[in-house]
Amino acid sequence: MNKILENRCDELIRAYGLLKEKEKFEDEHNILAGAGLFMASGKEINTARIEACSRIIDANTGLFSELRGLCKYIIRCKMALSKNPAVYFDDVARIYKELDPGIFTSDGSVAAAMVVADYMNGNEEKLVADTLAIYKEMRKAHSFLTDGDDLPFAALMAASGKDPFEIHERAEAAYELLRGRFKAERDTLQSLSHILSLYDEDLKEMCESISDIGNALKEAGHSLGGSVRAAILGLLMNSGKSETELVEEILEADEYLKQFAPFKGIFGFEKSDRCMYAVLCVQSANESTGKASLSATVSAVVQMAIVARMQEAAIQAATAAATM
C-alpha cells in the first residue's frame, strides 16, 4: 500500500479514536461518520470545539427539534470545521426552515441545509429554489423511491451551478445506465445517479467503471452489498485511475483497516462498513485538489444517508419484534 493511502487510513483511525474518547454515549456509526468527515476534509480535530458546538445547538433549539436528531453529531462536526460555529449553525437553522421541513420532516432536510450553507456564498435564495426544483423533478420521475432523504442530493446537484432541469436529466440518464449494469437496490442506484450527475465525465464510462469495481470487490470477498453503502463508489469517478488500480487500493485499505478499532474483532463493524470506509480512504488519497471540497461534502451526505437508513432499519426491526 502506498504511503498516501496508508496515511489516509491512519488519519481515519486516529480521528475515530479521538472522537470516541470524548463521545462515550454517541452512536458508533455517527462517530465513524464524523471521523470520515474530518479525514476527508483534511483538518485537525478540536474536541473542545465540538463540545462547545453541542452547547450552541442546545441553547438555540427546542428539545424535539430535528436539529437535535440523528444529524446533530454531524452538525457539531461541521460547525467545528467552520470559521464561526455559531454563524454556521444560524445559517443551517434558517435554511432548514426555508426548505419547508413541514413537508419533508426528515434528517435529510437538515443535511440539505448543511449543503446549502456550505455553498451559498450570498446565493442562498437561488440555491434553496433550485434544490426544491430538482427535488420536485425527482418526485415526478420516481414517486415511490424519492423521499426526504434524497433532498441533500438535490442540494448537491443545485450547488453544482448547473441548470436544475439539465442536471436532473443527467441523473436520470445515469440511473437508466446503472439499472442495466449494477446490481443494487433501486434507491442505491438513485443515490449513485445523483452523485454521478455532479461530474463532467462520460456517464456511460462512469457507470461501467462503477459496475466493474463493484463486481471485482464482490469476487474478492469484499463486497459493499447492494445497499446504500455502494453509493460511496460514486466518489471514485474523478480519481483518474483505472478500475484495476482502484480495486487493488480498496482491498489493501480494507485489509489494513481490519487491524484497528472499530473494525477489528467479532464486535467490530460489518465487513461491508469497513469496505465502505476503505473506499472513502482511497477516494481521499486520490483526490484532485480542485475537487476536495466537493468530495468532502458528498462524502458527508452519503455517510449521513447510510447512518439514517441503518437506524431506520433498526427501529423497524425493534418495532416488529415488539409486536410479535
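Residues numbered from 1 in each chain as written. Predicted model: local features only at pLDDT ≥ 70, side-chain atom pairs only at ≥ 80, totals over all residues. Heavy atoms only, no water.

Peer 1: Explain the overall build of the protein chain to me, please; I cannot follow it from the model alone.
Peer 2: From N to C terminus, the protein chain includes 15 helices and zero strands. Compactness check: the protein chain gives a C-alpha radius of gyration of 19 Å against a globular reference of 20 Å for 324 residues, within 12% of the reference. Each of the three principal axes of the protein chain carries a C-alpha extent, and together these read 50 × 50 × 45 Å. Looking at the protein chain residue by residue over its 324 residues, the buried ones come to 54%. Of all intrachain contacts in the protein chain linking residues separated by at least 6 positions in sequence, the fraction that spans at least 24 positions is 73%. For the protein chain, the exposed area adds up to about 14400 Å²; of that, 52% sits on carbon and sulfur atoms. Taking the average location of the 36 positive side-chain charges in the protein chain and that of its 50 negative ones, the two points are 3 Å from each other. (Helix = DSSP H or I, 4+ residues; strand = E, 2+ residues; numbered from the N terminus. Rg over C-alpha atoms; globule rule 2.2 N^0.38 Å. Buried < 20%, exposed > 50% of the residue type's maximum accessible area, 1.4 Å probe, protein only. Contact = heavy atoms within 4.5 Å. Areas by Shrake-Rupley, 256 points an atom, 1.4 Å probe, with all protein chains shown as cover. Lys, Arg positive; Asp, Glu negative; His and termini not counted. Charge placed at Lys NZ, Arg CZ, Asp CG, Glu CD.)

Peer 1: Can you help me understand the packing of helix α1 (residues 3-22) against helix α14 (residues 271-285) in this one?
Peer 2: Two measures define how a pair of helices packs: the angle their axes make with one another and the distance between the axes. Closest axis-to-axis distance for the α1/α14 pair is 9 Å, and the angle between their directions is 125°. Here α1 is positioned oblique relative to α14, judged by the angle of their axes. Where α1 crosses over α14, the two elements pack in a sense that is right-handed. Note on element contacts: α14 touches α1 through Tyr277, Cys281, Val282, Ser284 and Ala285, opposite Ile4, Leu5, Arg8, Cys9 and Leu12. Of the residues belonging to the contact of α1 with α14, the class tally is eight nonpolar, one polar and one charged. (Axes fitted to C-alpha atoms, helices over the stretch in contact; angles between N-to-C directions. Parallel < 35°, antiparallel > 145°, perpendicular 65-115°, else oblique. Left-handed = near helix turned anticlockwise from the far one by under 90°. Nonpolar A, V, L, I, M, F, W, Y, C, P; charged D, E, K, R; others polar.)

Peer 1: Teacher, can you tell me more about the environment of Tyr96 here?
Peer 2: Mapped onto the fold, Tyr96 is located in helix α5 (residues 85-98). Tyr96 sits in the buried class, given a relative accessible area of 9%. With 30 residues separating them along the chain, Tyr96 and Glu66 place their C-alpha atoms 9.5 Å apart.

Peer 1: Just to check I follow, could you spell out the side chain of His194 for this structure?
Peer 2: Mapped onto the elements of the fold, His194 is located in helix α11 (residues 186-196). The contact partners of His194, leaving out residues within four places of it in the chain, are Met138, Asp150, Phe153, Met157 and Ala171.

Peer 1: So what exactly am I meant to see when it comes to the pattern of salt bridges here?
Peer 2: Two side chains that carry opposite charge are able to pair once their charged atoms sit near each other. Applying the stated criterion across every chain, the model contains 21 salt bridges. Put simply, Arg181 and Glu208 hold a salt bridge, and the shortest N to O gap is 3.8 Å. With a gap of 27 residues between them, Arg181 in the loop between α10 (164-179) and α11 and Glu208 in helix α12 (residues 203-219) connect regions that are remote in the sequence. Among the residues examined, Arg181 registers a relative accessible area of 31% and is labelled partly exposed. A single salt-bridge network, built from bridges that share partners, covers Asp91, Arg94, Glu98 and Glu124. (Salt bridge = Lys/Arg side-chain N within 4 Å of Asp/Glu carboxyl O.)

Peer 1: In this structure, what is going on with helix α3 (residues 47-59)? I would like to understand it.
Peer 2: The periodicity of an α-helix, 3.6 residues per turn, causes residues three or four positions apart to be oriented the same way. Taking 1.5 Å of rise per residue, 13 residues should cover 18 Å, and α3 covers 19 Å from first to last C-alpha, within 8% of that figure. Within α3, burial applies to Thr47, Ile50, Cys53, Ser54 and Ile57. Axial view of α3: buried residues confined to an arc of 105°, hence all on one face. Exposed and facing more than 90 degrees away from the buried side of α3 are Arg55 and Ala59. Elements that come into contact with the buried residues of α3 comprise α1, α2 (28-41), α4 (72-81) and α5. Its side-chain oxygen at 3.2 Å from the backbone nitrogen of Ala48, Asn46 defines the N-terminal cap of α3. (Expected span 1.5 Å × (residues − 1). Arc of directions from axis to C-beta. Polar contact = N/O pair within 3.5 Å; in protein donor to acceptor, adjacent residues only side chain to side chain.)

Peer 1: I keep staring at the packing of α1 against helix α13 (residues 243-257) and nothing clicks. Help me out?
Peer 2: Contact geometry of α1 with α13 gives a least axis separation of 10 Å together with a crossing angle of 40°. Comparing the axis directions of α1 and α13 gives the class oblique. Like other packed secondary-structure pairs, α1 and α13 cross with a definite hand, here right-handed. Taken together, the residues of α13 that come into contact with α1 (itself represented by Leu5, Glu6, Cys9, Asp10, Leu12 and Ile13) are Glu249, Ala253, Tyr256 and Leu257. Taken together, the residues that form the contact of α1 with α13 break down as seven nonpolar, no polar and three charged.

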